[in-house]
Amino acid sequence: MTQNMTAVEGGTANMTCRVDYNDNTSLQWSNPAQQTLFFGDKKALRDNRIELVRASSQELTISISEVALSDEGQYTCSLFTMPVKTTKAFLTVLGVPERPYITGFTRPAMEGDMITLTCSTAGSKPAAQIRWFRNEKEVQGTKEVNATGKSFSVSSSLQFQVDRRDDSVAYTCSVEHVSLAASPYQVTEVLEVHYAPHLEITHSLIIPQEGQYFKLECVSRGNPIPEPVLWSKDGGELPDAERMIVEGRELTITTLNKTDNGTYRCEASNHLGTSSAEYVLFVYDPNALGQRGPDHALIGGVVAVVVFITLCLIIVLGRYLARHKGTYLTHEAKGAEDAPDADTAIINAEGNHVHAEEKKEFFRQDAGRNVPHLKSENLGFANNYAFREEHVKCINVNNM
């Protein structure tokens, strides 16, 4: 009984053969080339890497140190009985990848250049995996694998256009392989990018006032660092060297006054170009700032908006009331047009059923005498009915 084995290149492999029953017959180990390594406890092949570990009638164990890729293959354990019994075990040797290296770095790289970084490793079996990282974030490369004998050469490339954001960025190539367990090989290169300067001015006060201490700083970005920084005011030199102090990138005005009003400019350059930035200074009178009254324009605007909204509401409300009043008068007479007599007209008028008896009392006497006593809401109904009654009488007389 044997067992397949896996060993890392350069390590040690133990090959064991066991039998359940043996009548003192010797066991033998042979290599993939069918060369006898050990016969019982007797060494048959002169190879200092191969040693006897244990030999008995039921077990034969040998060790192979400094395992090489050439040791990989099928090993045979034989028991010399009649007939001879054999069993086989396969030894797998893992090729350890070489430590990787990166090519393609140019120091320094210029902003706008197109560069290709290539990470390479050789000697792995099976082929190693290569991963790229830009700082801590993984980025994808283009992989290429070539077989060299029993092992593989692997490379991975990154191609990109350089900009200023790549300056001081660390590009790491990580080689992972089963033979390395959880400790991949890594190599890191830091990219240096040269680019033209960019300047901006920051200031220490939002509202500069007379008598205050004021500072301007010329913040510069560029590689190489743009210097020296030159300060000017309104296109000329700084007018007051005693109050206007330049220290590196900073311009300090110890005591502000109205004469400091103007445009301040800083300028710096490196071998890739020149840049400048400007700041317009206006010094305020602190007394004038403290006496500022209410903003009349703002107040007037608010009042105008309120008046406009009020007028709109009045117009809308008036239209609403006028429309509903007409609807009320129209519905008041609805149902009275087709009544046969005045009483029915009053009763049929929509909304008048409740007060029908009250309205009928005005028609129990002479119509001409009682019309002035009619309620205003019923006057239209009575007149309408009287007109229709007179019209009927005229038609009857003409037909006679």
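A few points on the structure. Sequence order sets the numbering: in each chain, residues are counted from 1 along the sequence as written. Under the rules for a predicted model, residues below a pLDDT of 70 receive no local features and side-chain atom pairs below 80 are neither given nor counted, while totals for whole chains, interfaces and linings still include all residues. Note that the side-chain values use all heavy atoms of the structure and ignore hydrogens as well as water.

### What about the packing of aromatic side chains?
The condition that has to hold: We call Phe, Tyr and Trp rings a pair once their centres come within 6.5 Å, taking the six-membered ring for Trp, and we label the pair stacked below 30 degrees between planes, edge-to-face above 60, and tilted otherwise.
According to the stated counting rule, one finds four aromatic pairs in the structure shown. With a centroid separation of 4.9 Å and an interplanar angle of 80°, the aromatic rings of Phe282 and Tyr284 are classed as edge-to-face.

### Some words on the sheet that holds strand E25 (residues 273–281)
Rule in force here: A pair of strands is labelled paired if DSSP reports no fewer than 2 bridges between them. Strands are runs of DSSP state E lasting at least 2 residues, helices are runs of H or I lasting at least 4, and numbering of each runs from the N terminus. Here the axes come from fitting lines to C-alpha atoms, over the contacting stretch only for helices, and the angles between their N-to-C directions go from 0 to 180 degrees.
Taking strand neighbours across the sheet as the criterion, the three strands line up as E21-E24-E25 in an open arrangement whose pairing is antiparallel. The sheet is open, and its two borders are formed by strand E21 (230–233) and E25, each paired with just one other strand. Averaged over all adjacent pairs, the angle separating strand axes in this sheet is 20°, with direction ignored. Here strand E24 (residues 262–270) runs beside E25; their pairing, made up of nine bridges, is antiparallel. When the bridges of E25 are listed, Cys266 appears paired with Ala277.

### Quick look at the state of the cysteines
Rule in force here: Any two cysteine sulfur atoms lying within 2.5 Å of each other are counted as a disulfide. Only protein chains enter the calculation, and the probe is 1.4 Å; a residue is then buried if its accessible area is under 20% of its type maximum, exposed if over 50%, and partly exposed in between.
Taken as a whole, this structure holds three disulfides when the rule is applied. Here Cys17 pairs with Cys77 through a disulfide, and the sulfurs are 1.9 Å apart. Taking the torsion about the S-S bond as the criterion, the Cys17 to Cys77 disulfide, at about -80°, is left-handed. With a gap of 60 residues between them, Cys17 in strand E2 (residues 13–18) and Cys77 in strand E8 (residues 73–79) connect regions that are remote in the sequence. Comparing Cys17 with Cys77 shows no difference in burial state: the two are buried. Between the sulfur atoms of Cys218 and its disulfide partner Cys266 the distance amounts to 2.2 Å. Taking the torsion about the sulfur-sulfur bond, which here is approximately 70°, the covalent link between Cys218 and Cys266 counts as right-handed. Of this pair, Cys218 sits in strand E20 (residues 214–223) while Cys266 sits in strand E24, and the two are 48 residues apart along the sequence. Here the two residues Cys218 and Cys266 agree in accessibility, since each one is buried.

### What about the environment of Glu278?
Worth spelling out the cut-off: Any two residues whose heavy atoms approach within 4.5 Å at even a single point are treated as in contact. The definition of a polar contact used here is a pair of N or O atoms within 3.5 Å, where within protein one atom must be able to donate a hydrogen and the other to accept one, and adjacent residues in sequence count solely through side-chain atom pairs.
Tracing the backbone shows Glu278 in strand E25. Taking the C-alpha atoms as reference points, Glu278 and Ser232, separated by 46 residues in sequence, lie 9.5 Å from one another. What Glu278 contacts, discounting residues up to four positions off in sequence, is Ile201, Thr263, Tyr264 and Arg265. Within the structure, the side chain of Glu278 is placed 3.2 Å from the side chain of Arg265, a separation counted as a polar contact.

### Some details on the pattern of salt bridges
When the charged atoms of two side chains lie near each other, side chains of opposite charge can form a pair. Put simply, the rule is: Put simply, a salt bridge is a Lys or Arg side-chain nitrogen that is within 4 Å of an Asp or Glu carboxyl oxygen.
Taken as a whole and assessed by the stated rule, the structure comprises 19 salt bridges. Arg131 is the partner of Glu138 in a salt bridge, and the nearest nitrogen-oxygen pair spans 2.8 Å. A relative accessible area of 33% places Glu138 in the partly exposed class. For the salt bridge of Arg165 with Asp163, the shortest nitrogen-to-oxygen distance reads 2.8 Å. Relative accessible area serves as the criterion here: at 64%, Arg165 is assigned to the exposed category. One salt-bridge network, held together by shared partners, links Arg18, Arg54 and Glu59.

### Some points on the nonpolar core
Inclusion rule: Here the nonpolar core consists of buried residues drawn from Ala, Val, Leu, Ile, Met, Phe, Trp, Tyr and Cys, with membership extended through side-chain atoms lying within 4.5 Å.
Ile102, Leu117, Trp132, Phe160, Tyr171, Cys173 and Leu191 are the most contacted members of the largest nonpolar core, which totals 23 residues. Every element with two or more residues in this core is listed here: strand E12 (114–124), strand E13 (129–134), strand E16 (151–161), strand E17 (169–176), strand E18 (185–191) and strand E19 (193–203). Counting residues per element, this core draws most heavily on E17, which supplies four residues. Phe160 has contacts with Asp113, Met114, Ile115, Leu117, Asp166, Tyr171 and Leu191, leaving out every residue within four places of it along the chain. Core analysis: the next-biggest nonpolar cluster, separate from the first, contains 21 residues, Ala7, Cys17, Leu37 and Cys77 among them.

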